[in-house]
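Structural description and commentary
Now for the letters of each chain:
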Amino acid sequence: MRALVTGASLGIGRATALRLAQDGAEVVVHYRHHRREAEALCEEIRGKGGSAFALGADLSDRGDVERLAAAVSDRWPTLDSLVLNAGSYPRARFRDLDPETFEQCFRENVFGSAELTRRLLPQLEGARPGRVVFVSSVLAFDGSRHGAHYAAAKAALGGLARSLARELAPGVRVNLVAPGAIDTAILADDTPEVRAGRERAIPLGRIGRPEEVADAIAFALSDRASYLTGATLHVNGGLRFD
Ligand SMILES: NC(=O)c1ccc[n+]([C@@H]2O[C@H](COP(=O)([O-])OP(=O)(O)OC[C@H]3O[C@@H](n4cnc5c(N)ncnc54)[C@H](OP(=O)(O)O)[C@@H]3O)[C@@H](O)[C@H]2O)c1
């Protein structure tokens, strides 16, 4: 089993890479800026008897995406699992939003992930079945008061994932995981009041852990989900139901 997890230097991606490695996968730990963290994670996986290597790329850069896909396909003739998790959430009100921030958000969340998937299709199709998970957000469904660009980009991933689920079946299963508020660097700037407000709004009464999202991603990739494609798994403590 071979897996590529984008944005695996930190947070949800890191937890997912660890989880897949624990389940026996060889893992590519992708990173953008946090190379040392990615290398340390590979060491940790290897220390536990697993196999991992790190590759860097800015997914908002087309050349980087091409080089990342080539580095993976040169090394691996087939790819069982692709997790498109990398993304950031720069807060900005719509009225103040500059077009560059809007475009950058789509480049890294949507275009980069779509192009990486497209370039790795031969490897995914060779795995029989290939498995893909896109990491969206609850905000794709509920909207965001200071992230119209982010909510729009995450919603676009839904259209992409459901289209690929149709076009690539039966050779590749494609699903979406939509986290709610999860305890990672993305929430690091929360004041204690903002954090308490988030917790009050969540029926399960707390912010989620990256490992709880990783478990849903690992399930969607696994053979236990062999009849699951085009689906959205909401991992949000009850913040929204579908
Ligand atoms: N945490 C939440 O509450 C929450 C809720 C809903 C959805 N999500 C989504 O979950 C995913 C993971 O988020 P997280 O909370 O784990 O955030 P995080 O801890 O900040 O990690 C983000 C990861 O994405 C990578 N990344 C960001 N922009 C990139 C780019 N342009 N090119 C390549 N890699 C890039 C980062 O790489 P470097 O650090 O190495 O640069 C890092 O590994 C994101 O797609 C996010 O939108 C998170």
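As a reminder, the structure under discussion sits directly above these lines.
Attention here is on the structure that accompanies the text. (Residues numbered from 1 in each chain as written. Predicted model: local features only at pLDDT ≥ 70, side-chain atom pairs only at ≥ 80, totals over all residues. Heavy atoms only, no water.)

1. As for the side chain of Arg173
Rules: A helix here means a DSSP run of H or I that spans at least four residues, while a strand means a run of E at least two residues long, and both kinds are numbered starting from the N terminus. Only protein chains enter the area calculation, which uses a 1.4 Å probe; residues under 20% of their type maximum are buried, those over 50% are exposed, and those in between are partly exposed. Counted as positive: Lys and Arg. Counted as negative: Asp and Glu. His and the chain ends are not counted at all. Take a side-chain nitrogen of Lys or Arg and a carboxyl oxygen of Asp or Glu: if they are within 4 Å of each other, that pair is a salt bridge. Contacts are assigned to residue pairs with any non-hydrogen atoms lying within 4.5 Å of each other.
Within the secondary structure, Arg173 is located in strand β6 (residues 172-179). Summary of buried charges: Arg173 has no salt-bridge partner, and the nearest side chain of opposite charge, Asp223, is 5.4 Å away. Ignoring any residue separated from it by four or fewer positions in sequence, one finds Arg173 in contact with Gly130, Arg131, Val132, Ala220, Leu221, Ser222, Ala225, Ser226, Leu228 and Thr229.

2. Describing the sheet that holds strand β1 (residues 2-5)
Applied cut-off: Each pair of strands is called paired provided DSSP finds at least two bridges between the two strands. Convention adopted: a line fitted to C-alpha atoms gives each axis, helices being fitted over their contacting stretch, and angles between N-to-C directions are expressed from 0 to 180 degrees.
Strand order in the open sheet made by the 7 strands is β3-β2-β1-β4-β5-β6-β7, with parallel pairing throughout. This sheet does not close on itself; its edge strands, each paired only once, are β3 (51-56) and β7 (232-235). If you compare each strand with its neighbour and ignore which way they point, the axes differ by 15° on average. Taken together, the 6 bridges between strand β5 (residues 130-135) and β6 define a ladder with parallel strand orientation. Each residue of the ladder has a partner; that of Phe134, found in β6, is Leu176. Helix α1 (residues 11-22) rests against β1, β2 (26-31), β4 (81-84) and β6 of the sheet, and its axis sits at about 170° to β1. Here helix α9 (residues 210-221) sits on the sheet and contacts β4, β5, β6 and β7; the angle it forms with β6, its principal contact strand, is near 165°.

3. Concerning the pairing of β3
Selection criterion: Handedness of a crossover is defined as follows: orient the strands so they point away from the viewer, and if the path from the first strand over the helix to the second runs clockwise, the crossover is right-handed.
Both β2 and β3 contribute to a ladder of 6 bridges, which runs parallel. Each bridged residue has a counterpart across the sheet, and for Val27 the counterpart in β3 is Ala52. Read from β2 through helix α2 (residues 35-47) to β3, the crossover connection turns out right-handed.

4. Thoughts on the packing of α1 against α9
Operational definition: When describing relative orientation, an angle under 35 degrees is termed roughly parallel and one over 145 degrees roughly antiparallel, while 65 to 115 degrees is termed roughly perpendicular and anything else oblique. Note on convention: the crossing is left-handed when the near helix lies turned anticlockwise from the far helix by less than a right angle, right-handed when the turn is clockwise. All amino acids are sorted into three groups, where Ala, Val, Leu, Ile, Met, Phe, Trp, Tyr, Cys and Pro are nonpolar, Asp, Glu, Lys and Arg are charged, and the leftover types, Gly among them, are polar.
Where α1 contacts α9, the axes come no closer than 8 Å and their chain directions differ by 55°. Here α1 is positioned oblique relative to α9, judged by the angle of their axes. Crossing of α1 over α9 shows right-handed handedness. Every residue of α9 that contacts α1 at Gly11, Ile12, Ala15, Thr16, Arg19 and Leu20 is listed here: Pro210, Glu211, Val213, Ala214, Asp215, Ile217, Ala218 and Leu221. Considering only residue class, the contact of α1 with α9 consists of 9 nonpolar, 2 polar and 3 charged.

5. What to know about the pattern of salt bridges
One pass over the structure, following the stated rule, counts 22 salt bridges. The residue Glu26 makes a salt bridge to Arg2 at a minimum N-O spacing of 3.7 Å. Note that Glu26 is positioned in strand β2 and Arg2 in strand β1, a separation of 24 residues in sequence. On the accessibility criterion, Glu26 (29% relative accessible area) is partly exposed. For Arg2, a relative accessible area of 22% translates into the label partly exposed.

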